[in-house]
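Now for the letters of each chain:
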Amino acid sequence: DAGVTQSPTHLIKTRGQQVTLRCSPKSGHDTVSWYQQALGQGPQFIFQYYEEEERQRGNFPDRFSGHQFPNYSSELNVNALLLGDSALYLCASSLRMTGPGNTIYFGEGSWLTVV
Amino acid sequence: TQLLEQSPQFLSIQEGENLTVYCNSSSVFSSLQWYRQEPGEGPVLLVTVVTGGEVKKLKRLTFQFGDARKDSSLHITAAQPGDTGLYLCAVNAGNMLTFGGGTRLMVKP
């Protein structure tokens, strides 16, 4: 049973460029969320997708956008990259149900460096 | 001000020592979770505490939820190098996690 898989694992981009990160959720999961984790900090929620629609969004600008595909996989797109976007981007998958019994699983993340 | 304040931010100890890390808030929560994140990995759920005053044990790790459900602690007995990592507390609202800043623990052999 494959867990949450993310690609690429590391990438370097230049300020102003655009980046796309990809995530495949754990088998059987239908909800995908994205988090940004700056060095030395806890992860911060970007947004969540369910049934191919953005359902919840954190305090991130419109430069951050996403997509969910019919097979539940997801992409995170960041436009007009800034130096401050350098971070570990984590994908998390879960079932739509809520409550303490629903475990959220994280991928290993994509390290983005903006130079 | 963060919703969840974790302390200490950093902790470096020798193998065999005991330690406690804290997660505090001014808000009341229906439940609280603890995660461990090892270098190069995503966070992994350790435990969910639900009831005020609840104590849960996971081998050498003991988790406690405050009576008022505003705070929690994690105690590690006889720490080992394998316990090294970032310990995060979080609240889960509709599968959206809000994390504290984390406690970075290093256990030296």
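Up top you'll find the structure we're talking about.
Bear in mind that the values here come from a model prediction, so they are computed numbers and not experimental data. Per chain, the residues get numbers from 1 upward, laid out in the order the sequence is written. Written order decides the labels, with chains lettered from A and ligands numbered from 1. Totals for whole chains, interfaces and linings use all residues, but because this is a predicted model, local features are given only for residues with pLDDT of at least 70 and pairs of side-chain atoms are given and counted only at 80 or more. Water and hydrogen atoms play no part in the side-chain values, which are based on all heavy atoms of the structure.

Novice: Hey, could you run me through the interface of chain B and chain A in this one?
Specialist: Quoted interface sizes are often the accessible area lost when the parts come together. Facing 21 residues of chain B, the contacting portion of chain A comprises 24 residues. Carbon and sulfur atoms supply 52% of the area that chain B and chain A bury against each other, a total of about 1700 Å² over both sides. Should a side-chain nitrogen of Lys or Arg be within 4 Å of a carboxyl oxygen of Asp or Glu, the pair is scored as a salt bridge. Connecting chain B to chain A are zero salt bridges. Side-chain atoms alone can form a polar contact between residues adjacent in sequence; in general such a contact is a pair of N or O atoms within 3.5 Å, and within protein one must be able to donate a hydrogen while the other accepts it. In this assembly, chain B and chain A are joined by eight residue pairs in polar contact (both at pLDDT 80 or more). Secondary structure elements with two or more residues in the side of chain B that touches chain A: β4 (32-37), β5 (44-49), β9 (85-93) and β10 (96-99) of chain B. Taken together, the residues of the side of chain B that touches chain A break down into ten nonpolar, nine polar and two charged. Note on contacts: a residue pair qualifies if any of its non-hydrogen atoms lie within 4.5 Å across the two residues. Note on terms: buried area is the combined drop in 1.4 Å-probe accessible area of two parts once they are placed together, counting the loss on both. Helix and strand assignments come from DSSP, with helices taken as H or I runs of at least 4 residues and strands as E runs of at least 2, each series counted from the N terminus. Lys, Arg, Asp and Glu make up the charged group, whereas Ala, Val, Leu, Ile, Met, Phe, Trp, Tyr, Cys and Pro make up the nonpolar group; the residues left over, Gly among them, are polar.

Novice: Just to check I follow, could you spell out the side chain of Glu 54 of chain B for this structure?
Specialist: Residues and elements named next belong to chain B. The topology assignment puts Glu 54 in the loop between β5 and β6 (55-58). Burial classes: relative accessible area under 20% of the type maximum marks a residue as buried, over 50% as exposed, and values in between as partly exposed (1.4 Å probe, protein chains only). Judged by its relative accessible area of 18%, Glu 54 is buried. Only 2.7 Å separates the side chain of Glu 54 from the backbone nitrogen of Val 50, close enough to count as a polar contact. Sequence-distant contacts of Glu 54, that is, excluding residues within four places in its chain, are made with Val 49, Phe 63, Gln 64 and Phe 65.

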